[in-house]
Amino acid sequence: MSFYPSLDDDGTSINSCAENVPAGLGFGILDQSMETDDLSLDSDYRPPSYNPQSTVSHTCSNPSDPSQVVIDLTKSPEKSKKPPRPPPPKKPILGKSLKSEDNVVKDLTVPQVRWFYKDESNKKAVKWLPFIGYDSCQLEYKYRQIYVHGDVPLEIERIPVQGGLFEVDIVEKKCYAIYWKDDAVDVLRGTWFYHSNQEPIDDNIAQQIETEHVKRFGGQTIVAELSPDPKQTKNAKPQKEVLLYQMRFKDCHVDWYSIKDVFMYSDSTSSRLARSIGTSIGFSKASSSGYRLLRGYPQEAFLEDKPPPISDLIFVVHGVGQIMDHSSIIKCCKDLRNSADKVKSKHFPDLISRTSTKRAEFLPVEWRTSLRLDDGIVDSITPQKLKGLRWMLNSTGMDVLYYTSPLHRSEIVKALHIELNRLYHLFCSRNPGFEANGGRVSIFAHSLGCVIVYDILTGWNPIHLYDQYLSHEAGSHPDLDTVSEEQQGLAAELNSARKRVADLEDKLLATNQVAVAINTPKLDFQLDALFCVGSPLAVFLALRGTRPQGNGSVTHIMPKSACKRIFNIYHPTDPVAYRLEPLILRHYSTIRPLKIHRADSTKQIPYHEIQPMAYSAATKKEEEMTARASEEPSSSSGLSSMWAKWSRGNKIPELDALEDMERDMERSINMQIEAMDVNTGELSADDSVELDQRIDFEIKESSMSSSYLSALTSHTSYWATPDVALFILTQLFPDYLLS
């Protein structure tokens, strides 16, 4: 039998034994057809001309047995004429069969399935974000336990995800927050994906596609695509798509052209019109309006892809204004967490490695919305004129008045105290190794929240002010020293009565103070660090009678037993923030706070190595740096000068006048400080004392912003500032900071 198949007039094969020849024994198009499992030939195909001098023939001794192939070499060719060399085997165009178990169509493995959660921050379009590998594997194990193996427990436990902040209900396919109240988020099991952006398709459609795919192609080998030979494809005609199978859904349909070539098409009117126009001008159906689908997520999920254990827990306490937006502190805490994640990748690479055993986690503490306080009486007495502005003032500044009121203060302190302890015990129950491994707890408090946390830590109570008042009034009344001689006996009797009353009050207060000490709310954990941000705490302490003592110890305002470290972080234009250091040493009012390092800076000098600098010296240094920058032109300085010119041309005249007045006042204050230094000649004994640790830290102000304009937003700008996140991580993990 001839090696080449017989062809009829239209070029189609009518009889051939080639289909029984194993791949590798033939050549040319036959070899290609054997390896691609495609025996059909193009209608315009013609085999090379047959050489009658060649006596080499292939016969099938048994057509029913493909393994028996006889190659007849008994007839030798003529010596005078050599047979023509056969054409070399052609490289496969469509693909090559890979003999590997991994390339056989079978059920998807756990690592190939990826779970997703819906991005609620994107309101314009639906976007799915993948869980990390560890979370996805845990969810898939639970899913298969219930829906594949049929092992349904009486009570289905939720699976913790995203570092233990959320938990997923497999049955409902919902993700719930653990430590705060928020709306549930949809989750999705991804098996089939759009090839272009790796977004998962609808779960219900994907399950039907997966079932049909395994049913029709299960056990078959997946063909790996190879790059085609340019010489062969230069003049080759495009291969016609052969539809193997089609599934129709409500608004779309899916076509299979091979095991790997699966496309989804929309059945909308515009999509059908686009396909009709595309195919009419020669484009394929897939290229005109189809979406190629991908089976299995490209990046496999592994259990090793998991965050380190939590070593530092940070409670984030809000200040005023929470009543305006109940989820405000949740969003702010998320911004702070995201800023910390960005900073870690640059400055703390060891914290994100798989071998790391340290991680800081931020938990929002919401204490305001559960309080009714005045039962709505303030809203009822609010005038109707400028209702919006008055409502905003009632929702923000009214919280300060509530806290200074003896009627509502204890209720606010109790609410925050209970919430902190509740969150801590809930966290420890879900992280049993936290306390055993020496986990640390810190508090990041904003605005009024700093004052409330401080009072809880120190046990301060308004009754202390009453004690101070009684002590002040315990002395003799000045009017009694000027009475006449006739009234001296009556004055003496009055003084004796006053002493008797004071003794009785002392006994009563002693009993009351013991009761107060017993009933003072205490936290169920030891606080490692308190980060006060945009805090008015210094004003409250000053109004309570706190005065500098001159010993330089931080315990003057914060006992070590209550909190080991305290930091006061503020923006220079924040109108609510005040400094704490002058309450310990008065002369620190003339010493500048330490500047917080920028997150984009490569030079991170340890804060304990920075020497204190007076305002006058710091001003001179800044003027020298400004002069040096003006003498050395650069692209950045040119940009700054262009911005300065533009901003000067667009400034409001009143705002410009205020800034000029502020600069004049600063210059006058600096001159007074220098005059005081010249007059005294040397520092006093108190001025020579330094703090045992710095407390005040100032965020570097942008040179392109107006101080008065930034004052409107600076009080709420701490959450998303990378500089603040860098400072927190630097204090918590100083040994991990990349030098």
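Computed from a prediction, not measured in an experiment: that's the story for all the values here. (Residues numbered from 1 in each chain as written. Predicted model: local features only at pLDDT ≥ 70, side-chain atom pairs only at ≥ 80, totals over all residues. Heavy atoms only, no water.)

Q: Any chance you could explain the sheet that holds strand 24 (residues 696-698) here in plain terms?
A: Strand pairing in a sheet is mediated by backbone hydrogen bonds. Such pairs are either parallel or antiparallel. One open sheet accounts for seven strands, arranged 19-18-20-21-22-24-23; its pairing is parallel. The sheet is open, and its two edges are formed by strand 19 (360-365) and strand 23 (594-595), each paired on a single side. By the bridge criterion, six bridges tie strand 21 (residues 527-533) to strand 22 (residues 563-570) in an arrangement that is parallel. By the bridge assignment for strand 22, phenylalanine 531 is matched with phenylalanine 567. (Pairing = 2+ DSSP bridges. Helix = DSSP H or I, 4+ residues; strand = E, 2+ residues; numbered from the N terminus.)

Q: How should a nonpolar patch on the surface be read in this particular structure?
A: There is a patch of nonpolar side chains on the surface, built from Met324, Leu386, Leu389, Trp391, Met392 and Leu393 and spanning about 580 Å² of accessible area. Following the sequence through the fold, leucine 389 ends up in helix 9 (residues 387-404). Overall, the relative accessible area of 44% leaves leucine 389 in the partly exposed class. (Patch = residues over 30% accessible without salt bridge, like charges linked within 9 Å, V, L, I, M, F, W, Y side chains within 5 Å. Areas by Shrake-Rupley, 256 points an atom, 1.4 Å probe, with all protein chains shown as cover. Salt bridge = Lys/Arg side-chain N within 4 Å of Asp/Glu carboxyl O. Buried < 20%, exposed > 50% of the residue type's maximum accessible area, 1.4 Å probe, protein only.)

Q: For this particular structure, what's the right way to read helix 5 (residues 269-280)?
A: Given 3.6 residues to a turn, an α-helix orients residues that are three or four positions apart in the same direction. Helix length check: helix 5, at twelve residues, gives a terminal C-alpha distance of 17 Å against a target of 16 Å (1.5 Å per residue), a fit within 8%. Taken residue by residue, helix 5 has Ser271, Arg275 and Gly278 as its buried positions. Take helix 5 and look down its axis: the buried residues cluster within an arc of 70°, on one side only. Exposed side chains of helix 5 directed beyond 90 degrees from the buried face belong to Thr269, Ser270, Leu273 and Ser280. Contacts made by the buried residues of helix 5 are with strand 15 (252-256), strand 16 (262-266) and helix 6 (285-289). (Expected span 1.5 Å × (residues − 1). Arc of directions from axis to C-beta. Contact = heavy atoms within 4.5 Å.)

Q: Looking at this structure, I do not really get the environment of isoleucine 605. What am I missing?
A: Here isoleucine 605 is to be found in the loop between strand 23 and helix 16 (615-631). A residue is classified by how much of its surface remains accessible, and isoleucine 605, at 32% relative accessible area, is partly exposed.

Q: Would you mind going over the pairing of strand 22 with me for this structure?
A: The side chains of a regular strand alternate between the sheet's two faces. For strand 22, the buried fraction is high: six of the eight residues fall into the buried class. Between the parallel pair strand 21 and strand 22, the chain is carried across by helix 15 (residues 537-543), and the sense of this crossover is right-handed. Bridge count between strand 22 and strand 24: three bridges; the pairing is parallel. Looking at strand 24, one finds that asparagine 568 is bridged to aspartate 696. (Right-handed = clockwise from strand over helix to strand, strands pointing away.)

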